[in-house]
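Coordinate analysis (summary)
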Amino acid sequence: RRASSGADVSCLPPSLPACTLLRCCGPDASDAMASTAKGLLRGRGRGRGTGSGRDGDGSGRGGSDSGREGAVRLSLFQKKPVSAFSARGRGGKVGIACGARKEPPRAAVQGPFGRATMLAATEAGAGGQEACNADGFRRHQRIPGAHAAAIAAICVAPDAVYTASHDALLRVWRVQGGSGGAFELAATLEVPLGDACWCMVRADEWIFCGLSDGRIRAFSKGGQDLTLSGHREGVSAMLVHRGVLVSGSSEGAVRCWTMDGAAGTFVNVFTVDDLIPGQVRCLAVMEGMLWVGGNVGVTVVELESLSRTVRLEPKSKVNGLMEFQAHMIASYADGSVCIFDATTATKHSQPPLSAGAAVCLAGLECGPRLLFGHARGELSSIALPAFELSAAWKALVGCKVRCLCAAGQDGIFLLGAENGELQLWQRRDEWVQAGAAASPDACSASAGAVASGTPEEGAPRCTGGHLCLVSHAGGSSVGPRGVWRCAICTARRKDERWCCAPCSESFCFECFPRRSAGKASDRKEAVSVDGSWVHVRKHSSMGCAVVAFKDSSHRDPVLARFAIGQPPLVLGGVLVDLKPHWEKQPNGSREEVPECAFAGWKQPKDAIACRLGARPLQACLERICASLCPVVALDED
């Protein structure tokens with residue numbers, strides 16, 4: 001039985017529909033649930049979770065689920081499944097295809113977009129680039145503030161799109177036709193969850209939301225609202241395999257749930273709590289094995305016994321798992337990728353991608369392509385099966401990509417952002433333009449670069465997301481010559497600097513020093529910088545600092561300026577999180593310091609990468625506080 005588009009549904013035998021198996025074939029099944037849980041899971045048939053896999057007639061392959069970073073993984077290959085993006089009629093008129101199981105001829109399927117009317121903008125504006133022509137990607141809709149906090153998971157159903165967020169809300173979106181034949185999403189329903197949602201999975205008529213307090217909320221189209229309790233800490237990953245809901249949590253436990261027909265609820269029939277080290281971040285099923293991505297690498301559990309495990313190298317944080325052609329693709333937080341075969345042998349590994357830390361991944365049937373979402377707001381497109389980088393572009397400015405979800409049809413996918421923004425994208429082969437820039441860095445390089453044509457170590461990024469280049473005082477120059485002003489500290493200079501020609505921005509070497517591998521002097525940073533309004537005291541090695549405001553009335557307006565839902569603070573491409581500062585008291589309690597704020601950011605591990613120091617942070621906040629001071633006009637008399 002073919003799964004629906006974006007369906008997080010197990011691939012079941014043709015004679016056994018998903019709803020029947022989830023209900024355990026009636027009340028009499030409750031007595032046998034514990035003894036048959038392993039039997040439902042084991043075997044060569046692979047279920048379909050919210051992850052990668054192949055479409056099929058009951059032997060499709062299961063896939064990974066969203067981890068704590070909010071990554072949503074859907075089927076890599078699906079043959080025109082029914083989805084909310086199905087269109088009927090001419091002119092891109094939107095309709096919902098119900099019960100369609102036989103794939104129509106491709107010529108009879110109307111595309112969702114008017115191809116001649118799509119814009120082909122490539123520059124990264126306030127909402128990132130609208131297109132990546134080098135690999136045929138175009139954005140159809142951008143919804144700022146779709147949620148008040150990070151979007152943790154997205155699911156595509158036959159009649160709607162579901163988004164779940166850290167703002168403790170589940171939202172339902174309907175697909176409707178927009179201008180030029182494009183798709184648009186409109187919010188129709190909002191469901192309070194009671195706590196922040198970390199992951200979500202859809203199975204037939206059910207939606208399961210894993211919450212940060214350890215509960216799982218289950219909603220059915222029939223109106224049922226159930227709560228599954230068992231995990232002691234936040235539920236960070238889920239999938240559905242052969243009618244069994246499998247959930248993983250921060251305490252390192254994996255639980256199996258089935259429907260008790262007599263009680264009318266889901267019950268925990270088996271638990272694996274002593275085999276997985278650390279937090280469970282993502283799950284996948286392949287060849288009768290449960291693949292668990294955690295904080296210390298990948299652990300493979302034998303489904304037949306749920307007891308034997310194999311731990312794979314490297315022992316790094318895993319952000320995503322996806323099965324492709326009987327191989328498991330593991331994406332790590334540093335941007336590196338490993339590919340394992342069914343015997344857990346490593347078949348391929350590669351260093352981090354140029355876009356940096358990877359947060360999530362998704363499979364796109366058009367191409368096919370493997371998409372990576374990065375912490376700096378970029379997307380990377382990998383051509384399969386060659387596993388070659390096709391393009392990278394800036395989808396978000398100053399914000400992390402938290403989750404990706406492929407609709408399984410016509411190259412459509414959705415993006416959820418750290419700031420609650422939702423974007424709708426599509427890829428088509430006919431949109432590929434030869435000679436277009438294949439990465440956001442190429443825009444800066446094409447405008448004029450140093451003789452080598454490559455960015456130097458320690459290069460920051462401008463507000464548009466371009467990697468800056470060194471501009472010399474004489475000879476070849478990237479930006480305008482003569483006097484220039486640093487975009488961070490506003491100092492006026494005439495010597496070398498970091499420069500982005502497309503955005504006309506310059507940064508001084510005092511704010512972002514040039515670095516060289518092996519030179520410890522390049523890594524020395526000021527840990528304390530004082531100014532007229534702000535004093536910054538930074539940790540000597542970690543990415544955090546205490547900001548003291550000399551006028552306590554400045555703190556709250558500064559925090560409000562960079563609060564959730566507002567444009568974040570980004571310095572040199574580094575995302576900075578500002579929040580109130582609390583100090584520990586002698587009695588063990590914590591007390592808020594009204595004149596101080598705490599700044600935190602992820603410092604890159606690479607010694608020659610751009611690192612944020614105390615000086616640019618102090619200079620930026622100093623300018624903001626100066627703008628908050630009243631201007632007094634003096635009478636000349």
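Look above for the structure.
Here's what I pulled together on the structure shown here. (Residues numbered from 1 in each chain as written. Predicted model: local features only at pLDDT ≥ 70, side-chain atom pairs only at ≥ 80, totals over all residues. Heavy atoms only, no water.)

**Concerning unusual backbone geometry**
Here is the rule: Helix and strand definitions here come from DSSP, where helices need a minimum of 4 consecutive H or I residues and strands a minimum of 2 consecutive E residues; each element is numbered from the N-terminal end.
With an omega dihedral of -15°, the bond running from glycine 367 to proline 368 counts as a cis peptide bond. If you check the backbone angles, threonine 344 has positive phi at about 70° while not being a glycine. As for its position among the elements, threonine 344 is in the loop between β21 (337–341) and β22 (346–350). Even without a glycine there, the phi angle at threonine 490 is positive, about 65°. Mapped onto the elements, threonine 490 comes out in the loop between β31 (484–485) and β32 (492–493).

**Quick notes on the pairing of strand β15 (residues 280–286)**
To keep things clear, this is the line we draw: Accessible area is worked out with a 1.4 Å probe on protein chains only. A residue is then buried under 20% of its type maximum, exposed over 50%, and partly exposed in between. Pairing between strands requires that DSSP locate at least two bridges from one strand to the other.
Burial analysis of β15 places seven of its seven residues in the buried class, the great majority of the element. Note that β15 and strand β16 (residues 289–294) share six bridges and pair antiparallel. Across the sheet, the residue bridging to cysteine 282 is glycine 293, located in β16. Hairpin geometry of β15 and β16 is characterised by an intervening segment of two residues between the two adjacent antiparallel strands and by a positive phi of about 50° at glutamate 287.

**A few points about the pattern of salt bridges**
Inclusion rule: The term salt bridge refers to a pairing of a side-chain nitrogen on Lys or Arg with a carboxyl oxygen on Asp or Glu at a separation within 4 Å.
Applying the stated criterion across every chain, the model contains 19 salt bridges. Across the pair arginine 427 and aspartate 135 runs a salt bridge, and its minimum N-O distance is 3.3 Å. Of the two residues, arginine 427 is situated in strand β29 (residues 422–427) and aspartate 135 in the loop between β1 (131–132) and β2 (137–143); the sequence distance between them amounts to 292 residues. Each member of the pair, arginine 427 as well as aspartate 135, is classed as buried. Here the salt bridges share partners, and the residues they tie into one network are Asp135, Arg369, Arg427 and Asp429.

**Observations regarding helix α5 (residues 614–628)**
Each full turn of the α-helix corresponds to 3.6 residues, which orients residues three or four apart in the same direction. Selection criterion: To estimate the expected span of a helix, subtract one from its residue number and multiply by 1.5 Å.
For α5, with 15 residues, the first-to-last C-alpha span of 21 Å sits near the 21 Å given by 1.5 Å per residue. Every buried residue of α5 is listed here: Ala614, Pro616, Leu617, Gln618, Ala619, Cys620, Leu621, Glu622, Ile624 and Cys625.

**Remarks on the side chain of arginine 171**
Where we set the bar: Polar contact is the term for a pair of N or O atoms within 3.5 Å; when the atoms are in protein, one must be able to donate a hydrogen and the other to accept it, and sequence-neighboring residues count only if both atoms are side-chain atoms. Every residue pair with non-hydrogen atoms within 4.5 Å of one another is taken to be in contact.
Following the sequence through the fold, arginine 171 ends up in strand β5 (residues 169–177). A polar contact is formed between the side chain of arginine 171 and the side chain of glutamate 190, at a distance of 2.7 Å. Those residues within four positions of arginine 171 in sequence are excluded, and the remaining contacts are Gly145, Ala146, His147, Val161, Tyr162, Thr163, Leu189 and Glu190.

**Brief notes about the environment of leucine 321**
For leucine 321, the location among the structural elements is in strand β19 (residues 318–324). Separated by eleven residues in the primary sequence, leucine 321 and tyrosine 332 place their C-alpha atoms 9.2 Å from one another.

**As for the environment of histidine 466**
Structurally, histidine 466 is set in the loop between α3 (440–446) and β30 (469–471). We classify histidine 466 as buried; its relative accessible area is 2%. A C-alpha to C-alpha distance of 9.7 Å links histidine 466 and tryptophan 393, two positions 73 residues apart in sequence.

**A few points about the nonpolar core**
Defined as follows: To qualify as a nonpolar core, a set must consist of buried Ala, Val, Leu, Ile, Met, Phe, Trp, Tyr and Cys residues joined through side-chain atoms within 4.5 Å.
Grouped together as the largest cluster of nonpolar side chains are 41 residues, with contacts concentrated most on Phe512, Val547 and Leu617. At the level of elements, β33 (497–500), β36 (534–538), β37 (544–549), α4 (555–561), β38 (569–571), β39 (574–584), β40 (590–600) and α5 are the ones that each hand at least two residues to this core. Sort the elements by how many residues they give to this core and α5 lands first, with seven residues. For phenylalanine 512, the contacting residues outside a window of four places in its chain are Pro460, Ile488, Trp498, Phe507, Leu571, Gly572, Cys610, Arg611, Leu612 and Pro616. Counting residues in hydrophobic clusters, the runner-up holds 20 residues, among them Leu371, Ala391, Val401 and Trp425.

**Things to note about the sheet that holds β16**
Convention followed: Angles shown run from 0 to 180 degrees and are taken between the N-to-C directions of axes, each axis being a line fitted to C-alpha atoms and, for helices, limited to the stretch in contact.
Read across the open sheet, the four strands follow the order β15-β16-β17-β18; overall the sheet is antiparallel. Lying at the two open borders of the sheet, with one neighbouring strand each, are β15 and β18 (309–312). Geometrically, the sheet is characterised by an average inter-axis angle of 20° between neighbouring strands, direction not taken into account. Note: strand β17 (residues 297–302) against β18, four bridges, orientation antiparallel.

**Some details on the packing of aromatic side chains**
As a reminder of what qualifies: The aromatic pairing rule takes the rings of Phe, Tyr and Trp, using the six-membered ring of Trp, and pairs them if the centres are within 6.5 Å, calling planes under 30 degrees apart stacked, those over 60 edge-to-face and the rest tilted. Both a distance and an angle decide whether a charge sits over a ring: NZ of Lys or CZ of Arg must be within 6 Å of the ring centre and within 35 degrees of the ring normal.
On inspection of all chains with the given rule, the structure shows ten aromatic pairs. Lying across the ring of phenylalanine 137, arginine 427 places its NZ or CZ 5.9 Å from the centre. Above the face of the tryptophan 431 ring, arginine 428 is positioned so that its terminal group lies 5.7 Å from the ring centre.

**Structural notes on the sheet that holds strand β8 (residues 206–211)**
Spatially, four strands are ordered β7-β8-β9-β10 in an open sheet, and the strand pairing comes out antiparallel. One side of each edge strand has no neighbouring strand; the edge strands of this open sheet are β7 (197–203) and β10 (225–228). The average undirected angle you get between the axes of adjacent strands in this sheet is 20°. Where β7 and β8 come together, six bridges link them in antiparallel fashion. Bridging from a neighbouring strand, arginine 202 pairs with isoleucine 207 of β8.

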